[in-house]
Amino acid sequence: MSLSSFFSSFLNVVHADADVPAEQEEKVESATTHEEETAAEAEVEEAAAEEEAEEPEDPHPIIREECKNVAKCAPLTRHFEHCQEKVSSGQGHKGEDCVEELMMHCVDTCAAPKLFAKLK
């Protein structure tokens, strides 16, 4: 048994040169037109829904900025920003990359509860 005969046992075989009865052609055309109309309506509805549903503003950056200024995190933030300025201006040591960035967990620890409280 060849591969094509195996698949043709499951699927209908359609030949391009075969004559299609007029009744069957009308059914196919009307079904296609209906499907196209339905798809067009769905696209219009989708576009309208996107316009109506604007995404809310992300509160995370605002909360992080607030937490950077908290007394507990302010010294770490200043130290990190000073290091970043020094490295970006080329005054740092060769290969320096401000590993202190890992110490910014203070800001994340402060921001996490506030952020999740707003998401509920």
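Parameters at a glance
- Residues numbered from 1 in each chain as written.
- Predicted model: local features only at pLDDT ≥ 70, side-chain atom pairs only at ≥ 80, totals over all residues.
- Heavy atoms only, no water.
- UniProt positions renumbered as here; feature names shortened; annotations may be inferred.
- Buried < 20%, exposed > 50% of the residue type's maximum accessible area, 1.4 Å probe, protein only.
- Helix = DSSP H or I, 4+ residues; strand = E, 2+ residues; numbered from the N terminus.
- Arc of directions from axis to C-beta.
- Contact = heavy atoms within 4.5 Å.
- Disulfide = S-S within 2.5 Å.
- Salt bridge = Lys/Arg side-chain N within 4 Å of Asp/Glu carboxyl O.
- Core = buried A, V, L, I, M, F, W, Y, C linked by side-chain atoms within 4.5 Å.

- Within an unreviewed UniProt entry, the label attached to the protein chain reads Ubiquinol-cytochrome C reductase hinge domain-containing protein, and the organism entered is Pisolithus tinctorius Marx 270.
- Under the Subcellular location (unreviewed entry) heading, UniProt states for the protein chain: "Mitochondrion inner membrane".

### Some details on helix H3 (residues 60–68)
So, point 1. Among the residues making up H3, those that are buried are Ile63, Cys67 and Lys68. Seen from one end, H3 has its buried residues packed into an arc of 140°, which puts them on one side.
So, point 2. Check the buried side of H3 and you find it contacts helix H4 (74–88) and helix H5 (105–119).

### Some words on the state of the cysteines
So, point 1. Tallying each qualifying case throughout the model produces 2 disulfides.
So, point 2. Here cysteine 67 engages in a disulfide with cysteine 110; their sulfurs sit 2.3 Å apart. Residues cysteine 67 and cysteine 110 are joined through a disulfide that is left-handed, its torsion about the S-S bond being -70°. Of this pair, cysteine 67 sits in helix H3 while cysteine 110 sits in helix H5, and the two are 43 residues apart along the sequence.
So, point 3. Here cysteine 73 pairs with cysteine 106 through a disulfide, and the sulfurs are 1.9 Å apart. The S-S bond linking cysteine 73 to cysteine 106 shows a torsion near -85°; that makes this disulfide left-handed. Within this pair, whereas cysteine 73 is found in the loop between H3 and H4, its partner cysteine 106 is found in helix H5, the two being separated by 33 residues in sequence.
So, point 4. For cysteine 73, a relative accessible area of 2% puts it in the buried group.

### Quick notes on the pattern of salt bridges
So, point 1. Under the criterion given, the structure shown has 2 salt bridges.
So, point 2. For lysine 68, the salt bridge is made with glutamate 65, and the minimal N-O distance between the two is 3.5 Å. Here glutamate 65 and lysine 68 lie together in helix H3, a separation of 3 residues that amounts to about one turn.
So, point 3. For glutamate 65, a relative accessible area of 45% gives the class partly exposed.

### Points about the nonpolar core
So, point 1. Counting 8 residues, the largest nonpolar core is built from Ile63, Cys67, Cys73, Cys106, Val107, Cys110, Ala111 and Leu115.
So, point 2. Looking at this core, the elements that each hand over two or more residues are H3 and H5.
So, point 3. In terms of residues, this core owes the most to one element, H5, which gives 5 residues.
So, point 4. Excluding its chain neighbours within four sequence positions, the residues that come into contact with cysteine 106 are Lys72, Cys73 and Leu76.

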